[in-house]
Amino acid sequence: MSGGDQEPGRYYVGVDVGTGSVRAALVDQRGVLLAFADQPINKWEPQFSHHEQSSEDIWAACCVVTKKVVQGIDVNQVRGLGFDATCSLVVLDKQFHPLPVNLEGDSRRNIIMWLDHRAVSQVHRINETQHSVLQYVGGVMSVEMQAPKLLWLKENLRETCWDKAGHFFDLPDFLSWKATGVTARSLCSLVCKWTYSAEKGWDDSFWKTIGLEDFVADNYSKIGNQVLPPGASLGNGLTPEAAKDLGLPAGVAVAASLIDAHAGGLGVIGADVRGHGLSCEGQPVTSRLAVICGTSSCHMGISRDPIFVPGVWGPYFSAMVPGFWLNEGGQSVTGKLIDHMVQGHAAFPELQAKAAARCQSVYAYLNSHLDLIKKAQPVGFLTVDLHVWPDFHGNRSPLADLTLKGMFGTRLIIEAMEAAGHSVSTLFLCGGLSKNPLFVQMHADITGMPVILSQEVESVLVGAAILGACASGDFASVQEAMAKMSKVGKVVFPRLEDKRYYDKKYKVFLKLVEHQKEYAAIMKGD
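Values in this document were obtained by computation on a predicted structure and should not be read as measured data. (Residues numbered from 1 in each chain as written. Predicted model: local features only at pLDDT ≥ 70, side-chain atom pairs only at ≥ 80, totals over all residues. Heavy atoms only, no water.)

1. Concerning the overall build of the protein chain
Looking only at helices and strands, one finds 17 helices and 20 strands in the protein chain. A total accessible area of about 21,200 Å² is found for the protein chain, and carbon and sulfur atoms account for 53% of it. (Helix = DSSP H or I, 4+ residues; strand = E, 2+ residues; numbered from the N terminus. Areas by Shrake-Rupley, 256 points an atom, 1.4 Å probe, with all protein chains shown as cover.)

2. Quick look at the sheet that holds strand β5 (residues 50-53)
Here we have 5 strands laid out as an open sheet, ordered β4-β5-β8-β7-β9, and antiparallel in their pairing. Across the chains shown, the open sheet's two edge strands, defined by having one partner strand only, are β4 (44-47) and β9 (165-170). Pairing analysis gives 2 bridges linking β4 to β5, with the strands arranged antiparallel. Following the sheet pairing, Gln47 is matched in β5 by His50. (Pairing = 2+ DSSP bridges.)

3. Considering helix α13 (residues 409-420)
Counted at 1.5 Å a residue, the expected span for α13 with its 12 residues is 16 Å, and the 17 Å between its end C-alpha atoms agrees. Burial in α13 covers these residues: Gly409, Thr410, Arg411, Leu412, Ile413, Ile414, Ala416 and Met417. Where α13 ends, the next residue or the one after it, Gly421, has phi of about 135°, a positive value. (Expected span 1.5 Å × (residues − 1). Buried < 20%, exposed > 50% of the residue type's maximum accessible area, 1.4 Å probe, protein only.)

4. Quick look at the pairing of β9
Counting buried positions along β9 gives 6 out of 6 residues, so the element sits mostly inside the fold. One ladder, built from 5 bridges, connects strand β7 (residues 89-93) with β9; its direction is antiparallel. Note on β9: the bridge partner recorded for Val90 is Phe169.

5. A closer look at the confidence of the model for the protein chain
Per-residue confidence for the protein chain gives a mean pLDDT of 89; residues scoring 70 or more make up 90%. Note on residues 1-6: pLDDT under 50 across the span, and 19 contacts to partners over four residues away in sequence or across chains. This model gives residues 399-406 a pLDDT under 50, and the stretch forms 33 contacts once residues within four places in sequence are excluded. (pLDDT = per-residue confidence, 0-100. Contact = heavy atoms within 4.5 Å.)

6. Topic: unusual backbone geometry
Following Gly314, the chain continues to Pro315 via a peptide bond in cis, the omega torsion being 5°. Inspection of the secondary structure assignment puts Pro315 in strand β16 (residues 313-317). At Gln130, a residue that is not glycine, the phi angle is positive and equals roughly 50°. Looking at the secondary structure, you find Gln130 in the loop between α2 (120-128) and α3 (146-156). For Gln130, a relative accessible area of 69% translates into the label exposed. One non-glycine residue, Asn219, lies in positive phi territory at about 60°. Positionally, Asn219 belongs in the loop between α7 (214-217) and β11 (227-228).

7. Section: the environment of Gln95
If you trace the backbone, Gln95 turns up in the loop between β7 and β8 (111-112). Here Gln95 falls in the exposed class, since its relative accessible area comes to 52%. Sequence separation between Gln95 and Gly166 is 71 residues; the distance between their C-alpha atoms is 7.4 Å.

8. Examining the pattern of salt bridges
The full count for this structure, using the stated rule, is 25 salt bridges. Among the salt bridges present, the one from Asp28 reaches Arg30, with a minimum N-O distance of 2.5 Å. A relative accessible area of 4% places Asp28 in the buried class. Here Arg109 ties to Asp106 by a salt bridge, and the two come within 3.5 Å at their closest N and O atoms. Among the charged side chains, a salt-bridge network with shared partners connects Glu52, Glu104, Asp106, Arg108, Arg109, Asp116 and Arg118. (Salt bridge = Lys/Arg side-chain N within 4 Å of Asp/Glu carboxyl O.)

9. Overview of the packing of helix α9 (residues 260-268) against helix α15 (residues 459-472)
Packed helix pairs are characterised by how far apart their axes lie and by the angle those axes make with each other. Axis separation between α9 and α15 bottoms out at 7 Å; the angle between their running directions is 85°. In terms of axis orientation, α9 runs roughly perpendicular to α15. Residues Asp260, Ala263, Gly264, Leu266, Gly267 and Val268 of α9 lie in contact with α15, whose contacting residues are Ser459, Val460, Gly463, Ala464, Ile466 and Leu467. Looking at the contact of α9 with α15 residue by residue, the classes come out as 7 nonpolar, 4 polar and 1 charged. (Axes fitted to C-alpha atoms, helices over the stretch in contact; angles between N-to-C directions. Parallel < 35°, antiparallel > 145°, perpendicular 65-115°, else oblique. Nonpolar A, V, L, I, M, F, W, Y, C, P; charged D, E, K, R; others polar.)

10. Some thoughts on the packing of helix α1 (residues 55-69) against helix α4 (residues 171-180)
At a minimum axis distance of 11 Å, the contact between α1 and α4 shows a crossing angle of 65°. The two elements α1 and α4 meet at a crossing, and its hand is right-handed. For the pair α1 and α4, contact is made by Ser55, Ile58, Trp59 and Cys62 and by Leu171, Phe174, Leu175, Lys178 and Ala179, respectively. Residue composition of the contact of α1 with α4, by class: 7 nonpolar, 1 polar and 1 charged. (Left-handed = near helix turned anticlockwise from the far one by under 90°.)

11. Quick notes on the environment of Cys192
Take Cys192: it is sitting in helix α5 (residues 187-193). For Cys192 and Asn327, which are 135 residues apart along the polypeptide, the C-alpha to C-alpha distance reads 9.7 Å. The residues touching Cys192, leaving out its near neighbours within four places in the chain, are Met145, Leu187, Ile259, His262, Tyr316 and Ala319.

12. Description of the nonpolar core
Residues Leu153, Phe168 and Trp207 are the most contacted members of the largest nonpolar core, which totals 91 residues. By residue number, the principal contributor to this core is α15, which donates 9 residues. What Phe168 contacts, discounting residues up to four positions off in sequence, is Leu89, Val90, Val91, Leu150, Leu153, Trp162, Arg185, Trp194, Phe215, Lys222 and Ile223. With 41 residues, the next largest nonpolar core counts Val17, Leu92, Phe174 and Val254 among its residues. (Core = buried A, V, L, I, M, F, W, Y, C linked by side-chain atoms within 4.5 Å.)

Structural data, given as structure tokens:
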């Protein structure tokens, strides 16, 4: 039925599996978040650059939070369920039991996390092939994608994992399988992280070239040979077993999933912007860039035709919004880097004590302290003589250089996308860092673009709920659900009086990357 004819009391549940916790929300057909719950999940780091999780632990957390958000309502009014998650790699045997992804043989730890960088050697070899599929990931594959991790497992855990494996899932697809018993994969996961083509399917020559011809031989049954667009309804909905685990009725519609950042993009990019004096009001949705700021930052731009941007992932067809091509820029572990810088400072214990005394988070306290300084001069001017290259964990976009370690990154990504053919006029921010007013204002000031914040802060969960709404059949399309369930909350305009200063800082920023490369060349020389 059409979204305009909806009856009251129709609910959707969105479940978001992040890096450190699982979160769920109960959302109505207007996109209003009615209930929220979160639950921490375990992480292991058995050695440097190895990051692991447990699929059983994550599913148990999904059940806890879902039961919490539907307390007090008639669960028969829940029409659909949508999952999003980090693009971590889940490994199960042929009977769907967990297999170890570690040298210790601990099968509980059966997930290689998205931020795991163990497969550096493997990704270098994959990139040296210069295979044609790499043009869809900006020309250079990231160590955070699945092919290098799969190759690492084959080369390092042949007997304990690889030979016994029956199923390799992206975490969002594992969740939808667990809920429905359907092994179909989401187009989002396979296109963005596994080299699948929405138009051509799997490329046999790629897997044979990199030494993973095993997948070709079994017709890709282990990594997915049935693929559905995000929001498509899976099987017969919730199985009786999953329904009992989640506290929902059997048969509730379950959607093909999204990667977490893409759910954030879905939750913000289609909002109705009328009445806010924004240039994008009279422009197509392709003029909008969604920036999802969590543990990492992801920059999502869409286009009607494929646009190849060097160092930026994509173009991926229908990976986020059906019918549109997606380009995805990013800055790896942005949020974690800010935590690292603050918590590693000698004054952090003093900061903690002062923030606690005011019943504030450390970031709220820091921002209030900066507000006092700001009366004398704009905050950005504090760094007039301090210039730092910010990529500590390698540069994801647009330089695609894992070896570069160091807010101007968003502007750099936008300029690369525009040089290739995108036309961006407005930023749509969501995620944890978007709750920080200083972070938001500086994005507006540095890019010179207005920043839109959603009415619902938890836009990723709204995006997941939009998937459930589509699977239920209550909306005719993903685009209709986006327009009805995404709302503008606040608009932050750039302070143009500071633009000349930030333009100069940006020139220094560009020099810094040139210098990084020069230093590396010197050290590699004879």
